[in-house]
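Understanding the architecture of this molecule
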Amino acid sequence: MGAGIAQLCVEAGVDTVGREVSMELAERAQERIAHFLTRKVEKGQIESFEIERLALTTSLDELADCDLVIEAIVEELGAKQALFAELERICRADAVLATNTSALSVTEIAAATSSPERVVGMHFFNPAPLMPLVEIVRAELTGDAAFDAAFSFGERLGKHPIRCHDTPGFVVNRVLIPLLNDCVRVLDEARVAVEDLDAGMKHGAGWPMGPCELLDLVGIDVHVHASEALYEKTREPRMAPPPRLVAMRNAGLLGRKSGRGFYAY
Ligand code: CAA
């Protein structure tokens, strides 16, 4: 997600600092970004791009001059809270601190700082460069300045921002996560093949890709983790990850990123 968001920034002509945990990962992300943007030039979708706008680093200190920071680290509350406390120390006092969390509470992340008014949710969808939506999430103490800045930045990236509040799953995941869980339950209940379920939802409900293809794209581990987080908050049975997905996650069948999920890649 981080690389996808950085790609959008470079495409929009914004000076961007990409912070990764190792230079090797940062360089690999930069290569992917250059590849996708080069394809867009070849296809006539954009005239040009300046990859020099993307500076790579492993150090958080390099974020000191940024107007806006978009965090996309692991979906663990403790890790995010520690990072936001660190960002508050490093970044300018007027910098907006955004989280791309999909299932954690923005309010709880903001509570790790002493300036929660500048913390906001900017939730992108996978794959970030292709999906038009970004949810701009107002936490309990988000100030108007940070909220409006995040909304405007979403527009500047060419996205379609929507406004919402910090409720479990925000808008889209509140609907999509139980829906995908239902799809997986139907696999066993209706004894339907993976390919047929995917064909059913594509050709009978107009989905751009089947639910199993989509789960492989998002990552089975990411989806299970988000389901568990939403189930913990809402206690709605449909939010709980189906055992079949938990077993896949435990077996390392994570989808595209591991080479195998519902499909082999
Ligand atoms: N950046 C730029 N271009 C990219 C790219 C990227 N990261 N990834 C792929 N592309 C390119 C492809 O290479 C392709 O270009 P080429 O012509 O050069 O090959 C081009 O984009 C189009 O690719 P596709 O042919 O695969 O595109 P498509 O028309 O089939 O659409 C899709 C792909 C947009 C993903 C579409 O299938 C879709 O909308 N699927 C549903 C996705 C979805 O529901 N996402 C939400 C997931 S839930 C979530 O994200 C929530 C969460 O919190 C986890």
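The structure reproduced in this document is the subject of the present report. Since this is a predicted model, take the numbers as computed values, not measurements. (Residues numbered from 1 in each chain as written. Predicted model: local features only at pLDDT ≥ 70, side-chain atom pairs only at ≥ 80, totals over all residues. Heavy atoms only, no water.)

Quick look at the site of the ligand
Taken together, 18 residues lie around the ligand, and Gln7, Arg39, Lys43, His123 and Asn126 are the ones closest in. In this structure, Gln7 approaches the ligand through a side-chain N or O atom, which is 2.9 Å from a nitrogen atom. Taking Lys43, its side chain carries an N or O atom lying 2.9 Å from an oxygen atom of the ligand. Compared with its free state, where it exposes 1,100 Å², the ligand has 64% of that area covered by protein. For the shell around the ligand, the secondary-structure elements that each account for two or more residues are α2 (23–42), α6 (172–189) and α8 (211–218). By residue class, the composition of the shell around the ligand is eleven nonpolar, five polar and two charged. (Near = heavy atom within 4 Å. Polar contact = N/O pair within 3.5 Å; in protein donor to acceptor, adjacent residues only side chain to side chain. Areas by Shrake-Rupley, 256 points an atom, 1.4 Å probe, with all protein chains shown as cover. Helix = DSSP H or I, 4+ residues; strand = E, 2+ residues; numbered from the N terminus. Nonpolar A, V, L, I, M, F, W, Y, C, P; charged D, E, K, R; others polar.)

Topic: the pairing of strand β4 (residues 96–99)
Burial along β4 is two-sided: Val96 and Ala98 and Leu97 and Thr99, pointing in opposite directions, are all buried. Sheet topology places strand β3 (residues 68–71) next to β4; four bridges connect them, and they run parallel. Note on β4: the bridge partner recorded for Glu71 is Thr99. Crossover handedness for the path β3 to helix α3 (residues 77–90) to β4: right-handed. Across three bridges, the pairing between β4 and strand β5 (residues 119–124) is parallel. Bridged to Ala98 within β5 is Val120. (Buried < 20%, exposed > 50% of the residue type's maximum accessible area, 1.4 Å probe, protein only. Pairing = 2+ DSSP bridges. Right-handed = clockwise from strand over helix to strand, strands pointing away.)

Digging into the sheet that holds β4
With respect to topology, five strands assemble into an open sheet ordered β3-β4-β5-β6-β7, the strand pairing being mixed. A single partner strand is all that each edge strand has here, and the edge strands are β3 and β7 (160–165). Ignoring which end each strand starts from, the neighbouring axes of this sheet average 30 degrees apart. The pairing of β5 with strand β6 (residues 133–138) spans four bridges and is classified as antiparallel. Opposite Met122, over in β6, you have Ile136 as the bridge partner. (Axes fitted to C-alpha atoms, helices over the stretch in contact; angles between N-to-C directions.)

Brief notes about the packing of aromatic side chains
One pair of aromatic rings is described through two measures. These are the centre distance and the angle between the planes. One pass over the full model with this rule turns up zero aromatic pairs. Taking the ring centre of Phe147 as reference, the NZ or CZ of Arg138 above it sits at 4.3 Å. Sitting over the ring of Tyr231, Arg235 keeps its end group 5.0 Å from the ring centre. (Phe/Tyr/Trp six-rings, centres within 6.5 Å; stacked < 30°, edge-to-face > 60°. Lys NZ or Arg CZ within 6 Å of the ring centre and 35° of its normal.)

Here's the deal with the pattern of salt bridges
Opposite charge on two side chains makes pairing possible when the charged atoms of those side chains draw close. If you walk through the whole model with that rule in mind, you get 17 salt bridges. The partner of Arg53 in a salt bridge is Asp15, with the nearest N and O atoms 2.9 Å apart. Residue Arg53 is found in the loop between α2 and β2 (54–57), and its partner Asp15 is found in the loop between α1 (2–11) and β1 (16–19); the two are separated by 38 residues along the sequence. Look at Asp15 and you get exposed, because its relative accessible area is 62%. Here Asp182 makes a salt bridge to Arg185, at a shortest N to O gap of 3.7 Å. With a gap of three residues between them, Asp182 and Arg185 both fall in helix α6, about one helical turn apart. Look at Asp182 and you get partly exposed, because its relative accessible area is 26%. (Salt bridge = Lys/Arg side-chain N within 4 Å of Asp/Glu carboxyl O.)

Remarks on the nonpolar core
Counting 20 residues, the largest nonpolar core has Leu63, Val69, Leu87, Cys91 and Leu97 as its most contacted members. With four residues, α3 is the single largest residue contributor to this core. Setting aside chain neighbours within four positions, we find Cys91 in contact with Leu63, Ala64, Val69, Leu97 and Arg118. (Core = buried A, V, L, I, M, F, W, Y, C linked by side-chain atoms within 4.5 Å. Contact = heavy atoms within 4.5 Å.)

Side note on the state of the cysteines
Scanning the model with the defined rule gives zero disulfides in all. No disulfide involves Cys66; its sulfur sits 6.6 Å from that of Cys91, the nearest cysteine. Here Cys212 is not cross-linked by a disulfide; its sulfur's nearest cysteine counterpart is in Cys183, at 7.4 Å. For Cys212, a relative accessible area of 1% puts it in the buried group. (Disulfide = S-S within 2.5 Å.)

Quick notes on α2
With 20 residues, α2 should cover 28 Å at 1.5 Å per step; its first-to-last C-alpha distance of 28 Å lies within 8% of that length. Along α2, the residues that are buried comprise Ala26, Ala29, Ile33 and Leu37. Here the buried residues of α2 occupy an arc of 65 degrees about the axis, which is enough to place them on one side. Across α2 from its buried face, at more than 90 degrees, point the exposed residues Glu24, Glu31 and Glu42. Contact partners of the buried residues in α2: α1 and β2. Backbone geometry just after α2 places Gly44 at a positive phi near 75 degrees. (Expected span 1.5 Å × (residues − 1). Arc of directions from axis to C-beta.)

So far we have only geometry, and geometry alone does not tell us how the molecule works.
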